[in-house]
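Residues per chain, in single letters:
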Amino acid sequence: MEAQGAAENPTAATEASAPATATAPATADADGATASAAAATAAATSQEQQQPQVQPQPNAASSTSLQQRPRVMARDRYNHQSLGASLNLAVKQTRVLMVGAGGIGCELLKNIVLAGFGEVHVVDLDTIDLSNLNRQFLFRQEHIKKSKALIAKEAARKFNPNVEVVAHHANIKDAEFNVSWFGQFKIVFNALDNLEARRHVNKMCLAADVPLIESGTTGFNGQVEVIRKGVTACYDCTAKETPKSFPVCTIRSTPSQPIHCIVWGKSYLLNEIFGASEDESAFDHSSDADNAQEIAELKKESEELKKIREAVGTNEFPQMLFNKVFNKDIERLRSVEELWKSRRRPEPLNYEAALSQAAEALASKDQVLADGQRVWSLEESLVVFNDSLDRLCRRMLQLKKTREPSAPEPIITFDKDDEDTLDFVVAGANIRSTIFGIERKSRFDTKQMAGNIIPAIATTNAIVAGLCILESLKVLRGDYGQSKEVFLTPFAPARLLAPDKSRVPNPECPVCGVFHTSITVDLSRATLNDVVEDIVKDKLGFGQKEFVVNNEVGILYDVDETDNLAKKLSELGITGSSFLTIIDEDDEDPFVNVVVSIQEETLDDQEKPVKSSLTDCPEIPRKPKKSAQPVVNGAGKQNGKHPLAAAPEPEQKGVKRSHPGDDDQPTKKAKMNNSAADDVVIVDDEGGAIVIGDD
């Protein structure tokens, strides 16, 4: 094949056989092309000394071809020109972490490798779903059900093979990703879609003292911010909206919307049969005292379900469960007259009667399961309910079979990308909706509602990912004064991108308003008393102060709780990825909370089982003193005047007012003033452009 190719292109053959000479062009790039050219020249010179010189015949075509042949250009030439030599070199030597390989993550990973960052680690627990393919462009049809992190790694390497990409198909909250692991990175990028994981990464970056670039999108809106310990506000410096919860009696007794039935299937029925317990975050228990009798009845129903749970895997199980939740429980609700004075009474279902009418749906079960966009009928929902129950039962029995004797009882929890649990929730919610006369939903719609999926726009993800890279360049330069909190608001009247100065840290923030330190612990020997005496009292300087030692579970030590002092840290559930929080109980001038990260290491028997890198007692900041509240005279008046009338608001200049049609605001908003008439967002135009110096 090679000989044939050379015959078809005589010019190429001539060039391939021509000896290299000292006049051959060389490019001095990072790959050492100059050294290779020098070696080739030396070899050619040696060959010329051993062989007689032959004068080449003039060849006009060959000469022209060599003259027109372009020089080999270094891959990062344009980056070098745009960023300057020093910043481009810093980029090539930087190791970064990207958490999340979804909508923003795909765009961001592509940008990271094209920018030439030397090494990037990607962490994502999720697998690829069909619904991802419209915006997560690194993935294809054949990648469905495969790891997002692993596939993203293979796809991204094609953009720039000089960048090392390391994929972790794992949960970022796993113990292996501890503080010291985070500390190996120069920058961390967040490309997550849930509050809990964002808070965890924020906490770890603060403990490891690593800059974090946080990003998020919701529909057409997006936001990027830089989080740097002690310099900018962290993710938890401002309160976040708590997940919406529903009154337990509404969900369990009087549903009126599809979401009520979906939450019932996801957070109650699935957990009672296959999970650990009721998902408290989905329910509002504030009115339990007002409905004490109904709450007592609901608890009895839960106890009955636990008994039915013992029949998992038997032939009678589907009918037992159906008749319990869709017949017996409904009959009880119908008997409570005061519940239906202004509502439609639910209609209980009989399992055998419903199943007898589902013969046609049963025959076309595969087509029903394959169609996630269509709303299933009652009969089709029953078929899917039984089929998903069968799948879940087989999974549960297998989990129990392979469980270690010392391991806890296995559970199955809801995951929007788990077809078994999703089908169970969809079918159960649709059957319950039919009973209460509520609109049924398709699997596609239920997945969005149960998974709290925010609408994603590919263009929004791309813009936000680009902003992340621009902000990362400022971080590498250490120019936090130019870093911005940038909002993408396409429906605002002023501009598409609205930069604002990075907010300063909140001194009362429970996450970044603390003092961080770390200790090395030999878990095979160290006790809680070792930590209290050698670290807290001695190294940290608490001395005779009264203080409390907490971990993620609760209080481990205080002046009245000393039972744990003699216990080993391992007995208290403390591992190499745990945190301890020291709370000063001094009423006059208390220290801020001290967060201690645990690093496990086997220490010599002659050494103490705990040690700290601190040589001197650190200067732990004090908690800020709360300012006195102003005295208010009269109802709503201060010194005889209404508070809003005390100082007239000056006319705002350079502000961007909210647009009447701009309903979708970013998840995290810019600073809002207290005007009762309009919410205004203060925009600082000074230094809004992203400036990159050319060295």
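Everything numeric in this text was worked out from a predicted model, so none of it was measured. (Residues numbered from 1 in each chain as written. Predicted model: local features only at pLDDT ≥ 70, side-chain atom pairs only at ≥ 80, totals over all residues. Heavy atoms only, no water.)

### Looking at the nonpolar core
Side chains that are nonpolar tend, in soluble globular proteins, to be buried together.
Then step 1. Among the nonpolar cores identified, the biggest contains 53 residues, and Leu269, Phe274, Phe317, Leu321 and Phe385 are the most heavily contacted of them.
Then step 2. Going through the elements one at a time, helix H12 (258-274), helix H13 (292-309), helix H14 (317-334), helix H15 (351-356), helix H17 (365-370), helix H18 (378-402) and helix H19 (419-435) are the ones with two or more residues in this core.
Then step 3. Per-element accounting of this core gives the leading share, 10 residues, to H12.
Then step 4. Listed in part, the 44 residues of the second largest apolar core include Leu83, Val91, Ile104 and Ala191. (Core = buried A, V, L, I, M, F, W, Y, C linked by side-chain atoms within 4.5 Å. Buried < 20%, exposed > 50% of the residue type's maximum accessible area, 1.4 Å probe, protein only. Helix = DSSP H or I, 4+ residues; strand = E, 2+ residues; numbered from the N terminus.)

### Some remarks on the packing of aromatic side chains
Here a ring pair, both rings aromatic, is described through the centre-centre distance and the interplanar angle of the planes.
Then step 1. Summed over all chains, the structure comprises 17 aromatic pairs.
Then step 2. Considering the side-chain rings of Phe220 and Phe491, the 5.4 Å spacing of their centres and the 80° angle between planes classify their relative orientation as edge-to-face. Pair noted here: Phe220 is in the loop between strand S5 (212-218) and strand S6 (221-227) and Phe491 is in the loop between strand S9 (484-488) and strand S10 (497-501), with a separation of 271 residues, a long-range link.
Then step 3. Looking at Phe220, the relative accessible area reads 42%, which means it is partly exposed.
Then step 4. Following the ring pairs from residue to residue traces out a cluster consisting of Trp264, Tyr268, Phe274, Phe322, Phe326, Tyr351, Phe385 and Phe424.
Then step 5. A cation sits over an aromatic face here: Lys203 above Phe579, 4.4 Å from the ring centre.
Then step 6. Here Arg432 stacks its cationic end above the ring of Trp264, 4.4 Å away from the centre of that ring. (Phe/Tyr/Trp six-rings, centres within 6.5 Å; stacked < 30°, edge-to-face > 60°. Lys NZ or Arg CZ within 6 Å of the ring centre and 35° of its normal.)

### Comments concerning the pairing of S6
Then step 1. Of all the 7 residues making up S6, 7 are buried; the element is thus mostly covered by neighbouring parts of the structure.
Then step 2. Where burial is concerned, the two faces of S6 agree: the one with Asn221, Gln223, Glu225 and Ile227 and the one with Gly222, Val224 and Val226 are both buried.
Then step 3. A loop of 2 residues connects S5 with S6, the two strands running antiparallel in sequence, and Gly219 in this loop sits at a positive phi of about 65°. (Pairing = 2+ DSSP bridges.)

### Side note on the pairing of strand S3 (residues 164-168)
Then step 1. Among the 5 residues in S3, 4 count as buried, and that is most of the element.
Then step 2. Two strands pair when backbone bridges link them, and strand S2 (residues 119-123) and S3 are joined in this way by 5 bridges, in the parallel orientation. Paired with His121 across the bridge in S3 is Val166.
Then step 3. In the classification by handedness, the crossover that spans S2, the intervening helix H8 (residues 148-157) and the parallel S3 is right-handed. (Right-handed = clockwise from strand over helix to strand, strands pointing away.)

### Focus: unusual backbone geometry
Then step 1. One non-glycine residue, Lys145, lies in the positive phi region at around 80°.
Then step 2. Here Lys145 shows up in the loop between S2 and H8.
Then step 3. Notably, Asp209 is not glycine yet its phi reads approximately 60°, a positive angle.
Then step 4. Looking at where Asp209 falls in the secondary structure, it is placed in the loop between helix H10 (195-208) and S5.

### Section: the pattern of salt bridges
Charged atoms that come close allow side chains of opposite charge to pair.
Then step 1. Applying the stated rule across the entire model yields 37 salt bridges.
Then step 2. Note that Asp209 is salt-bridged to Arg228, the shortest N-O span being 2.8 Å. Taken together, the residues span a long stretch of sequence, with Asp209 in the loop between H10 and S5 and Arg228 in the loop between S6 and strand S7 (246-247) at a distance of 19 residues.
Then step 3. With a relative accessible area of 18%, Arg228 lands in the buried category.
Then step 4. Between Arg391 and Asp423 there is a salt bridge whose closest N-O contact spans 3.0 Å. Taken together, the positions of Arg391 in helix H18 and Asp423 in helix H19 put the pair 32 residues apart, joining distant regions of the chain. Here Arg391 and Asp423 have matching classes, each one buried. (Salt bridge = Lys/Arg side-chain N within 4 Å of Asp/Glu carboxyl O.)

Any link to function would need more than the numbers given here.
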